[in-house]
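Here's the letter readout for the chains.
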Amino acid sequence: MPAYTVLLRCLSAALTAALIASPNSQAATPQAGSPDFSHIQALMQQAVDAVPLSGATLLLAKDETEVLALYFGTHTPSTRLSIASASKWLSAATVASLVDSGELDWNTTLGSLLPNAPVDKRPITLRQLFSHTSGIPARDLGCLRDQSISLAQCAEQILAAPLIAAPGTCFSYGGNSMQVAGRMAELASGLSWDALFRTRIAQPLGLSDTDYAVGSTSPGYVDVPNPHIGGGARSSARDLIRIAQLYLQDGRYEGVQVLQPATVDFMRDDQTGGAPYINNPDPRSYGYGIGTWRNRLDGQGAIFEASSAGAGGTWPWLDTHAGVAGVFFVDSSLVSVQPYVRRLTPAVRTALGENAPLFSDGIEGAAMRQGCG
């Protein structure tokens, strides 16, 4: 297997140690006062060897500082991949910026911006579209990846399909509803989705590797006529960690308040209203916010771990108790890497000295339930 590089930055000082090692060598001995990430390195190596993975990246950031960077195999800091449903964090932030500016509200109805939409869909709200509770079918209706049409045309095609449930009554995870929300954002702002994302999110965060041109090999930012809002971004780990930090730090990044704290807090709240699910790839979750899974709760039922994993295995997450944002970055399959990531996130907590128990398995009745329809 190719060599990997580890960059370890001390949390409390400017101490930085660099290790270049073969996969069979032992992890670097931690410096005094710095976290011991040797178990994290071992877990990552297990995933690389067992899946197997031609390349992998793990980034961790705490208190606005990168504390760990691991690159395995073919990966470098500039590696750019399709991130599938990790795109939802990017898109949710973009729409949230319009809520902050007053151009949209979470309760803005579809009919207020698309008055010619089918009558049964006009009451659907922006909140329902971004929490998978709109009743719009989850299955791919054929236009999400079609770059021969516009976002407006794709939204129109989606809205022509029959609802699978009354708005607000069922949770069904998919990309169609977010595509419609993206069109609402274009209409509310007067900008294309690409222009909106660039100005509201990419530029303030300094994202140099991220756009919605999945499948393209062209460098730089590539505009597309029909961006796949819920799953069509390509990005790098170094860009994704900034998005994770944005959510962890209540909408702030490097001293700039990109999103309002109350908005981010609302986005992390369960927006499903306890609705049972039809289609749910993560039934162990504790509801769904605005574009984000609620993975773990504390003893009071408050969220402390959230994520938005993609089908290829890329997995950005945040842990509010440990104060850490992380990105597990690969191009594989979610089912293959999921067992390793589920061990990785609590291991990160331990390495950072976060000893609070994981209460989520003991919150009776908090997990999502099946049985809609």
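Here the focus is the overall build of the protein chain. Looking only at helices and strands, one finds ten helices and 14 strands in the protein chain. Among the 373 residues that make up the protein chain, the fraction classed as buried is 55%. Within the protein chain, contacts between residues at least 6 apart in sequence are counted, and of these 65% link residues at least 24 apart.

On to empty space enclosed by the protein. A complete count under the given rule lists three cavities of 30 Å³ or more for this structure. Taken as a whole, the largest cavity encloses approximately 70 Å³ of empty space. Together, 15 residues line the largest cavity, and H132, S134, G135, I136 and S172 are the ones closest to its centre. Taken as a whole, the second largest cavity holds about 40 Å³ of empty space. What lines the second largest cavity is W89, Y247, R268, I290, T292, A306 and L318.

What follows deals with the environment of A195. Mapped onto the fold, A195 is located in helix α7 (residues 193-205). C-alpha separation for the pair A195 and D223, spaced 28 residues apart in sequence, amounts to 8.4 Å.

On to the nonpolar core, then. Judged by nonpolar contacts, the single largest core of 80 residues is most densely connected at W193 and Y247. Once you skip the residues sitting within four places of it in the chain, W193 turns out to touch S91, T94, V95, L151, G182, A185, E186, Y212, P227 and I229. Judged by nonpolar contacts, the second largest core, of 29 residues, contains A47, A56, L60 and V341.

Right, let's talk about the layout of surface pockets for a bit. Here the largest pocket is characterised by a volume of approximately 390 Å³. Together, 26 residues line the largest pocket, and S85, K88, Y173, A309 and A311 are the ones closest to its centre. Looking at the lining of the largest pocket, the elements with two or more residues in it are β11 (293-297) and α10 (334-351). Examining the composition of the lining of the largest pocket, we find that three residues originate from one element, α10, more than from any other.

This part is about the state of the cysteines. Taken as a whole and assessed by the stated rule, the structure comprises one disulfide. C143 shares a disulfide with C154; S-S distance 2.1 Å. Between C143 and C154, the S-S dihedral sits near 65°, and the bridge is therefore right-handed. Placement of C143 in the loop between α4 (126-129) and α5 (151-159) and of C154 in helix α5 is noted, with a sequence separation of eleven residues between them. Given a relative accessible area of 1%, C143 falls into the buried group.

What counts and what doesn't
- Residues numbered from 1 in each chain as written.
- Predicted model: local features only at pLDDT ≥ 70, side-chain atom pairs only at ≥ 80, totals over all residues.
- Heavy atoms only, no water.
- Helix = DSSP H or I, 4+ residues; strand = E, 2+ residues; numbered from the N terminus.
- Buried < 20%, exposed > 50% of the residue type's maximum accessible area, 1.4 Å probe, protein only.
- Contact = heavy atoms within 4.5 Å.
- 1 Å grid on protein atoms, 1.4 Å probe; cavity = no way out; pocket = protein on both sides within 12 Å on 5 of 7 lines; lining within 4 Å.
- Points joined across faces, edges and corners; volume = space filled by probe spheres on them.
- Core = buried A, V, L, I, M, F, W, Y, C linked by side-chain atoms within 4.5 Å.
- Disulfide = S-S within 2.5 Å.

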